[in-house]
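# Examination of the molecular architecture
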Amino acid sequence: MSSTSLEDKNLYYAKRLAEMIKCKTISNKEKIDETEFFKLREVVKELFPKMHEKAALTILGDDAYLYKIKGKDESRNVMVMSHHDVVDATGDWKEEPFGGVIKDGKLWGRGTVDTKTPLFAEFSAIEELLEEGFEFPVNVYLFSSHNEEVSGNGALLALDYFNENHIRFDWISDEGGAVIEPPMAGIAKKCAMMAVHEKGRCIAEAVAKNPQGHAGLTGGFQTQVMRVAAFIKEVDEKKPYIRKLHPEVRGMFEALAPYMSFPMKFVFSNLNVFSGLLVKIIPGMNASAGEMLGTGCTFRKINTDKDGNCTAEAFLRCINDEDLNKDINTLRDIASKYDIEINVKENEYYKPSSIESKEYQYIKKTVEEVFDYAIAAPFILPAGTDARRFTGLSDAVIRFAPIDIDNKQYASVHGENENISVDKLSLAVAFYKKLLKNYK
């Protein structure tokens, strides 16, 4: 394809995607703005008529999309997914956040990165394959939720649907990673980061009960608030959580090591020798990488009830559920010094996908072929996606959005001036076309 025709193709994609960006599908925990969400539904129907002719569409809940295109082997399934809700566009924007403005080689607007571009690319890839008369080898599902940004019920309704109909998947592809600037200094190439796991969520309460007796006789350091404060201070200083190089993190460093500069190339190429040292120094080198070593804990609020009992809520994000249980027991040991109880209120954990599986390797190979200028590497996602709901339905749930973004575009997610480069749009579509066309 000539550079001129490629430019025309990218602009064609940008103008079509802009119509989706113009729909103000802002998340709301209570009730969606049906006008804007239904407007997007009509836009999608107009942009992708072949898909709406060939695919069966089920609307789950208020507005979650579930499309199915039958494949030659109807006993097997794969799924591409995204979400079409966005966070509100507050702050000072250079361009109208829902204007679909194409300017300076970029399409500006809320949702261009998170995640209407990947959704648009999924639709476009399927539409173009259907126009070409391609017969999918297996059933292809496209799922997009309407309330991912508020941890809504869209994905849960889809999970219920899949379980009720006994549907399982060879692989599932969702947002999470992307093609980004090097996550560590000394790497000269861009990196296609593919999340194969995301941190679990656990909410625990540290409770200091009110002892019987007059408050003025117990001493200031023994009050419930002070006991909780002292406990939080010790935990924050010691950070007594298990830290290690999990298989997914090892896989990331092994993929990146050949492209690092000396001496980091030597260190990361010999993980068996330097793993103990790396566990200690990585958090200081890169905060995001440090989060992939083990449990993180944030104390979010402290309350005192009418009986004088003081409760602090701890939000823990874990990588390994067995390690989390040990970490909680460690917290209990520290808490006992302050006569504090630790009670687990919620615990949400999802299994990782194996980087050794042939499905992961297939998706990785596709990433490497389309983004041949980037290093494909697995990683653990600190944030949450809808994909976590489906880890029981597939051994390969891979979180990778095929968008090439720079650091400013990465930072614009949930911030101001979100935008996507027009000249990268054809790559996103090409990724999904290759992913769906070549799978056997």
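Owing to the predicted nature of the structure, the values given are computational and were not obtained by experimental measurement. (Residues numbered from 1 in each chain as written. Predicted model: local features only at pLDDT ≥ 70, side-chain atom pairs only at ≥ 80, totals over all residues. Heavy atoms only, no water.)

## Observations regarding the overall build of the protein
We apply this condition: Secondary structure counts use DSSP, requiring at least four H or I residues in a row for a helix and at least two E residues in a row for a strand, with both numbered from the N terminus. When we talk radius of gyration, it's over C-alpha atoms, and the globule rule is simply 2.2 Å times the number of residues to the 0.38. Relative accessible area decides the class of each residue, using a 1.4 Å probe on protein chains only: under 20% of the type maximum gives buried, over 50% gives exposed, and in between gives partly exposed. Whether two residues are in contact is decided by their heavy atoms: any pair within 4.5 Å suffices. Surface accessibility in these figures is a Shrake-Rupley result with a 1.4 Å probe; residues are shielded only by whichever protein chains are displayed.
Helix and strand counts for the protein come out as 14 helices and 15 strands. Whereas a compact globule of 440 residues would reach a radius of gyration of roughly 22 Å, the protein reaches 24 Å, a difference of no more than 12%. By principal-axis analysis of the C-alpha atoms, the protein measures approximately 80 × 55 × 50 Å. Looking at the protein as a whole, 54% of its 440 residues qualify as buried. A sequence separation of at least 24 residues applies to 78% of the contacts in the protein between residues at least 6 apart. A total of about 19,700 Å² of accessible surface is found on the protein, and carbon and sulfur atoms cover 50% of it.

## Some remarks on the packing of aromatic side chains
Here is the rule we go by: Stacked, tilted and edge-to-face are the three classes assigned to paired rings of Phe, Tyr and Trp, where Trp is represented by its six-membered ring and a pair needs centres within 6.5 Å; plane angles under 30 degrees give stacked, over 60 edge-to-face, the rest tilted.
Overall, the coordinates contain 22 aromatic pairs when judged by the stated rule. A ring pair is formed by Tyr 362 and Tyr 439, whose centres lie 5.2 Å apart and whose planes are at 55°; its orientation type is tilted. A residue pair is termed long-range when its members are at least 10 positions apart, and Tyr 362 in helix H12 (residues 358–370) and Tyr 439 in the segment after helix H14 (425–437) qualify at 77 residues. The pair formed by Tyr 362 and Tyr 439 is uniform in burial state, with each residue classed as buried.

## Overview of the packing of helix H4 (residues 116–131) against H14
Packed helix pairs are characterised by how far apart their axes lie and by the angle those axes make with each other. Spelled out, the test is: A fitted line through C-alpha atoms represents every axis, and for helices the fit uses only the stretch in contact; the resulting angles, taken between N-to-C directions, go from 0 to 180 degrees. Angles below 35 degrees are treated as roughly parallel, those above 145 as roughly antiparallel, those between 65 and 115 as roughly perpendicular, and all remaining angles as oblique. Whether a crossing is left-handed or right-handed is set by the direction in which the near helix is turned from the far one by less than a right angle, anticlockwise for left-handed and clockwise for right-handed. In this classification, Asp, Glu, Lys and Arg are treated as charged, Ala, Val, Leu, Ile, Met, Phe, Trp, Tyr, Cys and Pro as nonpolar, and every other residue, Gly included, as polar.
Running from amino to carboxyl end, H4 crosses H14 at an angle of 55°, the nearest separation of the two axes being 8 Å. Comparing the axis directions of H4 and H14 gives the class oblique. As for the relative orientation of H4 and H14, their crossing is right-handed in sense. Judged by residue contacts, Thr 117, Pro 118, Ala 121, Glu 122, Ser 124, Ala 125, Ile 126, Glu 128 and Leu 129 of H4 engage Leu 425, Ala 428, Val 429, Tyr 432, Lys 433, Leu 436 and Lys 437 from H14. Here the residues of the contact of H4 with H14 are counted per class, giving ten nonpolar, two polar and four charged.

## Observations concerning the sheet that holds strand E11 (residues 310–318)
Definition in use: Any two strands between which DSSP finds at least two bridges are classified as paired.
Spatially, E10-E11-E9-E12 is the arrangement adopted by the four strands of the open sheet, whose pairing is antiparallel. Sheet topology places strand E10 (296–304) and strand E12 (340–348) at the edges, where each strand pairs with a single neighbour. If you compare each strand with its neighbour and ignore which way they point, the axes differ by 20° on average. Relative to E12, strand E9 (residues 200–208) is paired through eight bridges, and the arrangement is antiparallel. Counted as the bridge partner of Ala 206 is Ile 342 from E12. Contacts from helix H6 (residues 224–238) reach E9, E10, E11 and E12 within the one sheet, and its direction differs from that of E10 by about 170°. Sitting on the sheet, helix H11 (residues 321–336) touches E9, E11 and E12, and the angle it makes with E12 is about 160°.

## Here we look at the sheet that holds strand E4 (residues 101–103)
Here we have three strands laid out as an open sheet, ordered E4-E5-E15, and antiparallel in their pairing. Because the sheet does not close on itself, it has two edges, and the strands there are E4 and strand E15 (419–421). The average undirected angle you get between the axes of adjacent strands in this sheet is 25°. As paired elements, strand E5 (residues 106–108) and E15 share three bridges and run antiparallel to each other. Looking at the pairing, Trp 108 lines up with Asn 419 of E15.

## A closer look at the pairing of strand E3 (residues 73–83)
Sheet analysis places E3 next to strand E6 (residues 138–145), joined by eight bridges and oriented parallel. Looking across to E6, one finds that Asp 73 is bridged to Val 138.

## Considering the pattern of salt bridges
As a reminder of what qualifies: Counted as salt bridges are all cases of a side-chain nitrogen of Lys or Arg within 4 Å of a carboxyl oxygen of Asp or Glu.
Applying the stated rule across the entire model yields 31 salt bridges. Across the salt bridge formed by Glu 198 and Arg 399, the nearest N and O atoms sit 2.6 Å from each other. Linking Glu 198 in strand E8 (residues 190–198) with Arg 399 in strand E14 (residues 397–404), this pair joins segments that are 201 residues apart in sequence. The shortest N-O distance in the salt bridge between Glu 234 and Lys 238 comes to 2.7 Å. Of this pair, Glu 234 and Lys 238 both sit in helix H6, four residues apart, which is roughly one turn of the helix. Given the relative accessible area of 9%, Glu 234 is considered buried. Classification of Lys 238 as exposed rests on a relative accessible area of 52%. When salt bridges with common partners are traced through the structure, they connect Lys 9, Glu 128, Glu 132 and Lys 433 into a single cluster.

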